Amino acid sequence: MLRTSASRVLDDSDREEVLALLDTDPVANVFVASRVRAVGLSPSRLGGQMWGFGPRGGLVSLCYAGANLVPVNATREAVHAFADRARRQGRRCSSIVGPAVAVEQLWERLEPHWGKARAIRWAQPVMVTGSAPAVEPDPLVRRVVPEQFGVLLPACVAMFTEEVGVSPDNGDGGALYRSRVAELIRIGRSYARIEDNQVIFKAEIGAITPQACQIQGVWVHPDHRGRGHAVAGMATVVEQALKYFAPLVTLYVNDFNLPARAAYRKVGFQEVDTFMSVLF
């Protein structure tokens, strides 16, 4: 099939049309939408480019090309166009992540040029809730304050290393990661149960839009797993998220992490979609 349009780099003049497209699925698109709402579409502020497929006034698909490559509402034709642009540009991202079908199609076209991935998470259920937690929240899970940064950081590094398979200290020595951890604490979106200067449970609220917010970095200390901390801790975070941030709370989780999926279901989350991640 001949392509009727090539991808193009969008700018702030496309902002309203981009947001309208993102808002058609506020759960799946929460990360990209939060970036656009916060900083617009200028590459210098966005930390990357936003590619569009379709003419002005008729955008069909998007792809955020920054630290991550994230397709949005990507049709098969759009995937072809985005893969062409990504191939010509060369790999600048640390992952491809998003709806499973589009990510798999992108990777089929990019793997011959970008080489083998470090890891592929083929199925990551997207979960969402808009209701008060179905279980009792943990009253000892509280917002982390800046003075607790030094206590929280090792737990964040442990979570990242366990989840992604590499340490966030690689590359720049962890400076960017530490900055992000500190920023989430500063703006009141980091939660933890801390006892005797040890993190028992932690989670952060990352992306936020008026419609939805995304929980990330969920972690329980290995010595305290299997005691219900994830369920009660997540109940607290969901309660706080619904009260202060957005009417829908979402996250995505590896399909093989059965304990986490069960914990989230106990809190009230339901699986509504499937993501896929290709990690470099």
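Per an unreviewed UniProt entry, the recorded name for the protein chain is GNAT family N-acetyltransferase, and the organism is Microbispora oryzae.

A. Spatial organisation of the side chain of Q214. Within the fold, Q214 resides in strand β10 (residues 213-220). Using a relative accessible area of 11% as the deciding quantity, one classes Q214 as buried. Every residue in contact with Q214, bar those within four places of it in the chain, is listed here: V30, F31, E204, I205, G206, A207, T250, L251 and Y252.

B. Structural view of the state of the cysteines. A full pass over the atoms with the stated rule returns zero disulfides. As a non-bridged cysteine, C93 has C63 as the owner of its nearest cysteine sulfur, 8.8 Å distant. Here C156 stays unpaired: no disulfide links it, and the sulfur of C213, its closest cysteine neighbor, is 18 Å away.

C. Representation of helix α7 (residues 175-186). The first and last C-alpha atoms of α7 sit 16 Å apart over twelve residues, in line with the 16 Å expected at 1.5 Å per residue. Buried within α7 we find Y177, V181, L184 and I185. Looking straight down α7, one finds its buried side chains confined to an arc of 105°; they lie on one side. More than 90 degrees from the buried face of α7, the exposed residues found are L176 and R186. Where α7 is buried, its residues contact α6 (149-164), β8 (190-195), β9 (198-208) and β10. Positive phi shows up at G188, right after α7, with a value of about 75°.

D. Highlighting the packing of aromatic side chains. Evaluated as defined, the whole model comprises seven aromatic pairs. Seen in terms of ring centroids, F31 and Y64 are 5.8 Å apart; in terms of plane orientation they differ by 80°. Their pairing is edge-to-face. With F31 in helix α2 (residues 30-39) and Y64 in strand β3 (residues 61-65), the pair connects residues that are 33 residues apart, well separated along the chain. Given a relative accessible area of 27%, F31 falls into the partly exposed group. Ring pairing ties together the aromatic residues W107, W114 and F280, which thus form one cluster. Above the plane of the ring of W51 lies R85, whose end atom (NZ or CZ) is 5.9 Å from the centre. The cationic tip of R143 hangs over the ring face of Y244; the distance from NZ or CZ to the ring centre is 4.9 Å.

E. Spatial organisation of the pattern of salt bridges. All told, the structure shown has 15 salt bridges when counted by the stated rule. Between D84 and R87 there is a salt bridge, with the nearest N and O atoms lying 4.0 Å from each other. With D84 and R87 both in helix α4 (residues 76-89) and three residues apart, the pair spans about one turn of that helix. The class of R87 is partly exposed, set by a relative accessible area of 36%. Where E195 meets R193, a salt bridge forms, and the shortest distance between an N and an O atom there is 2.6 Å. Exposure remark for E195: the relative accessible area of 31% places this residue in the partly exposed category. Among the residues examined, R193 registers a relative accessible area of 15% and is labelled buried.

F. Local environment of the environment of V166. If you trace the backbone, V166 turns up in the loop between α6 and α7. Classification of V166 by relative accessible area gives partly exposed; the value is 26%. Residues within four places of V166 in sequence aside, it is in contact with R118, F160 and T161.

G. Representation of the sheet that holds β8 within the structure. Pairing is mixed across the open sheet formed by twelve strands, whose spatial order is β1-β2-β3-β4-β5-β12-β6-β11-β10-β9-β8-β7. Of all the strands in the sheet, the pair left with one neighbour each is β1 (7-9) and β7 (141-143). Put simply, the sheet's adjacent strands are angled 25° from each other on average, direction ignored. Inspection of the sheet shows β8 paired to β9 by six bridges, in the antiparallel sense. When the sheet's bridge partners are listed, A192 is paired in β9 with K202.

Conventions and cut-offs
- Residues numbered from 1 in each chain as written.
- Predicted model: local features only at pLDDT ≥ 70, side-chain atom pairs only at ≥ 80, totals over all residues.
- Heavy atoms only, no water.
- Helix = DSSP H or I, 4+ residues; strand = E, 2+ residues; numbered from the N terminus.
- Buried < 20%, exposed > 50% of the residue type's maximum accessible area, 1.4 Å probe, protein only.
- Contact = heavy atoms within 4.5 Å.
- Disulfide = S-S within 2.5 Å.
- Expected span 1.5 Å × (residues − 1).
- Arc of directions from axis to C-beta.
- Phe/Tyr/Trp six-rings, centres within 6.5 Å; stacked < 30°, edge-to-face > 60°.
- Lys NZ or Arg CZ within 6 Å of the ring centre and 35° of its normal.
- Salt bridge = Lys/Arg side-chain N within 4 Å of Asp/Glu carboxyl O.
- Pairing = 2+ DSSP bridges.
- Axes fitted to C-alpha atoms, helices over the stretch in contact; angles between N-to-C directions.

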